[in-house]
2 protein chains.
Amino acid sequence: MSGAVHEIAERSGVGFPLKAGQRLTVIDPRGCQVADLLAFNAADLGEVLSSGRTLDYAETIRLTTGHKLYSNRSNVMLEIVEDSVGVHDFLLTPCSYATFDHFYPDLPRHRGCFGNLAEALAPYGVVPDQIPVAFNCFMNVPVDAGGRLSVLPPVSRAGDRIVFVAAMDLVIGLTACSAPASNGGSFKPIHYRVEDAAA
Amino acid sequence: MSGAVHEIAERSGVGFPLKAGQRLTVIDPRGCQVADLLAFNAADLGEVLSSGRTLDYAETIRLTTGHKLYSNRSNVMLEIVEDSVGVHDFLLTPCSYATFDHFYPDLPRHRGCFGNLAEALAPYGVVPDQIPVAFNCFMNVPVDAGGRLSVLPPVSRAGDRIVFVAAMDLVIGLTACSAPASNGGSFKPIHYRVEDAAA
């Protein structure tokens, strides 16, 4: 791999392979922008990123450097090895036509991260019903003492990043999130880079 | 439906149909016992209970009377119409061989709710990889201000219950949970009752 930086245009998404041992760097180039991340076992798409397994093993909803992201089969898919922000979400599913209808009935509908991920992952054989809770890089979802959750603007600033190392061969889905509240009211691109372990 | 009370033996699980409009009452007969609940669209098993959609729409992790449980397609599957406890979990996946290996390496392995649900739902065509985060009735998983989660004994007392009404024809999976920490260190049965809307 070249390690070149790729841009995901605002309100869009991409799918790409990530080999075991490769590093994936997700960059918020302008700040205050969410990127939804999904991972599937490239050899068997029935194995997919699992918020429930990951939160159980991590014993926290605040995942950062040193935490591992697990699959529905309790295998490690990704490990977070660097993180300049420390505020990400792993509770919520990707935004979609239905979430736009619910939260933004007066705005034009958008297929959201869900639709973008479904299209980007279709060439790999992923069907929409398989899309689970995403690891939402830079998404700021505090939970108060009564359990109430809020979707606040990300605290990430221009150039902030989170870096993952793949523990198995993966198919990755990654977006520049499309929902107004999640991104402080404006839509920005996301950058990412894939590097070999030796890079 | 007779409305008879059925018992789920300790550390086991069942699968059964629940028609649109029917009421499902889940009872903790002795107190301090968790029941993992799953729901699939009976007409299309690709549609399944979704913690991420539900938490997003509810804007809380503390679901109780009046809250609706949504599918991965953003359709309402179940509504909570009564709840004598108010403390349930919708963050964690069912316990399994792997979670026993992780949390209880010195105890005999158990297939847990995951294995029990997989067996109970197999006759309906559900495959293990489709098992998502369950709605864990009576499970007590507080999240502190720093995001750290704990699995504490349920606060449910003998006879406590939570009642759901089905919004579509469903296949339900339901267990008497098998993990020591989740159940205050002992394993008890769970009772449930299905009633027609007119009952």
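Per an unreviewed UniProt entry, the recorded name for chain A is Urea carboxylase-associated family protein, and the organism is Sphingomonas kyungheensis.

Here we come to the overall build of chain A. Counting its regular elements, chain A contains 3 helices and 10 strands. Reading chain A from its N terminus to its C terminus gives the helix and strand order β-β-β-β-α-β-β-α-α-β-β-β-β. A compact globule built from 199 residues should have a C-alpha radius of gyration of about 16 Å, and chain A, at 15 Å, falls within 12% of that. For chain A, the C-alpha atoms occupy an extent of roughly 45 × 35 × 35 Å along the three principal directions. When each of the 199 residues of chain A is scored for burial, the buried share is 58%. When contacts within chain A are restricted to residue pairs at least 6 apart in sequence, long-range pairs at least 24 apart make up 76% of them. Of the roughly 7,200 Å² of accessible surface on chain A, a fraction of 52% belongs to carbon and sulfur atoms. One way to put it: in chain A the 15 positive side-chain charges average out to a point 3 Å from where the 21 negative ones average out.

Contacts between the two partners involve 34 residues from chain B, matched on the other side by 34 residues from chain A. Contact between chain B and chain A buries roughly 2,900 Å² in total, counting both sides, with carbon and sulfur atoms accounting for 51%. On the chain B side of the interface with chain A, the three residues burying the most area are B:Arg53, B:Glu59 and B:Asp129, jointly 20% of the side's total. Here chain B and chain A share 4 salt bridges between them. At the junction of chain B with chain A, the criterion picks out 16 residue pairs in polar contact (both at pLDDT 80 or more).

In this structure the tally under the stated criterion is 1 cavity of 30 Å³ or more. The volume enclosed by the largest cavity comes to roughly 30 Å³. What lines the largest cavity is simply A:Ser51, A:Leu55, A:Phe90, A:Leu91, A:Val133, B:Ser51, B:Leu55, B:Phe90 and B:Leu91. The set of elements that each furnish at least two residues to the lining of the largest cavity consists of α1 (51-58) of chain A together with α1 (51-58) of chain B. Across the lining of the largest cavity, the residue classes tally to 7 nonpolar, 2 polar and no charged.

Here the two chain copies are tied together by a rotation about an axis and a shift along that axis. Under the fitted operation, chain B is carried onto chain A by 0.0 Å of movement along the axis and a turn of 180°, and the coordinates agree to an RMSD of 0.0 Å. The two molecules are tied by a two-fold rotation axis, judged by turn and shift. Residue B:Ala145, judged by its C-alpha, is the member of chain B lying nearest the rotation axis, at 3.3 Å. Looking at chain B, 100% of its interface residues are interface residues in chain A too, so the copies touch through the same face.

The next point concerns the pairing of strand β4 (residues 35-41) of chain B. Residue and element names in this part refer to chain B. The element β4 is extensively covered by neighbouring structure, given that 7 of its 7 residues are classed as buried. Sheet topology note: the β4/strand β7 (residues 135-137) ladder contains 3 bridges and is antiparallel. Considered in β7, the bridge of Asp 36 is made with Asn 136.

As a further point, take the layout of surface pockets. Rolling a probe over the atoms, with the probe sized like a water molecule, indicates the empty space that remains. Looking at the largest pocket, its volume works out to about 520 Å³. What lines the largest pocket is a set of 32 residues, among which A:Asp129, A:Gln130, A:Pro132, B:Gln130 and B:Pro132 lie closest to the centre. For the lining of the largest pocket, the secondary structure elements donating two or more residues are α1 of chain A together with α1 of chain B. Of the residues assigned to the lining of the largest pocket, the class counts are 16 nonpolar, 14 polar and 2 charged.

The next subject is the sheet that holds strand β8 (residues 160-166) of chain B. Residues and elements named next belong to chain B. Reading across the sheet, the 6 strands line up as β1-β10-β3-β8-β6-β5 and stay open at both edges, with antiparallel pairing between neighbours. Each of the sheet's edge strands pairs with one partner strand only, and the pair in question is β1 (5-8) and β5 (68-70). Between one strand and the next, the sheet's axes are offset by a mean angle of 25°, whatever the strand orientation. Bridging between strand β6 (residues 76-83) and β8 involves 5 bridges; their strand directions are antiparallel. When the bridges of β8 are listed, Leu 78 appears paired with Ala 166.

Before going further, it helps to examine the environment of A:Leu117. Following the sequence through the fold, A:Leu117 ends up in helix α3 (residues 112-121). Remark: the alpha-carbon pair of A:Leu117 and A:Arg161, spanning 44 residues in sequence, is separated by 21 Å.

A:Leu78, A:Phe135, A:Phe164, B:Leu78, B:Phe135 and B:Phe164 are the most contacted members of the largest nonpolar core, which has 120 residues in total. Contact partners of B:Phe135, with chain neighbours within four places excluded, come to B:Ala35, B:Asp36, B:Leu37, B:Leu49, B:Leu63, B:Leu69, B:Ile80, B:His88, B:Asp89, B:Phe90, B:Ile162 and B:Phe164.

What follows deals with the packing of aromatic side chains. On inspection of all chains with the given rule, the structure shows 14 aromatic pairs over all chains. Their ring planes at 55° and their centres at 6.4 Å tell us that A:Phe103 and A:Tyr104 sit as a pair that is tilted. For A:Phe103, a relative accessible area of 29% puts it in the partly exposed group. With a relative accessible area of 17%, A:Tyr104 lands in the buried category. Joined through ring pairs, the aromatic side chains of A:Tyr57, A:Tyr70, B:Phe100, B:Phe103 and B:Tyr104 make up one cluster.

Bringing α1(A) into the picture now. Counting buried positions over the 8 residues of α1(A) gives 8, a clear majority of the element. Those residues of α1(A) that are buried are in contact with β5 (68-70) of chain A together with α2 (97-103) and α3 (112-121) of chain B.

The next point concerns the sheet that holds strand β9 (residues 170-175) of chain B. Residue and element names in this part refer to chain B. The antiparallel open sheet is built from 4 strands, whose spatial order is β2-β9-β4-β7. Lying at the two open borders of the sheet, with one neighbouring strand each, are β2 (13-18) and β7. The average angle at which neighbouring strand axes cross in this sheet is 25°, direction not considered. Sheet topology places β4 next to β9; 5 bridges connect them, and they run antiparallel. Within β9, the position partnered with Phe 40 by the bridge is Val 171. Of the strands in this sheet, β2, β4 and β9 are in contact with α3, which crosses β9 at around 145°.

Rules of the game
Residues numbered from 1 in each chain as written. Chains lettered and ligands numbered in written order. Predicted model: local features only at pLDDT ≥ 70, side-chain atom pairs only at ≥ 80, totals over all residues. Heavy atoms only, no water. Helix = DSSP H or I, 4+ residues; strand = E, 2+ residues; numbered from the N terminus. Rg over C-alpha atoms; globule rule 2.2 N^0.38 Å. Buried < 20%, exposed > 50% of the residue type's maximum accessible area, 1.4 Å probe, protein only. Contact = heavy atoms within 4.5 Å. Areas by Shrake-Rupley, 256 points an atom, 1.4 Å probe, with all protein chains shown as cover. Lys, Arg positive; Asp, Glu negative; His and termini not counted. Charge placed at Lys NZ, Arg CZ, Asp CG, Glu CD. Buried area = accessible area lost by both parts, 1.4 Å probe. Salt bridge = Lys/Arg side-chain N within 4 Å of Asp/Glu carboxyl O. Polar contact = N/O pair within 3.5 Å; in protein donor to acceptor, adjacent residues only side chain to side chain. 1 Å grid on protein atoms, 1.4 Å probe; cavity = no way out; pocket = protein on both sides within 12 Å on 5 of 7 lines; lining within 4 Å. Points joined across faces, edges and corners; volume = space filled by probe spheres on them. Nonpolar A, V, L, I, M, F, W, Y, C, P; charged D, E, K, R; others polar. Least-squares fit on C-alpha atoms with pLDDT ≥ 70 in both. Pairing = 2+ DSSP bridges. Axes fitted to C-alpha atoms, helices over the stretch in contact; angles between N-to-C directions. Core = buried A, V, L, I, M, F, W, Y, C linked by side-chain atoms within 4.5 Å. Phe/Tyr/Trp six-rings, centres within 6.5 Å; stacked < 30°, edge-to-face > 60°.

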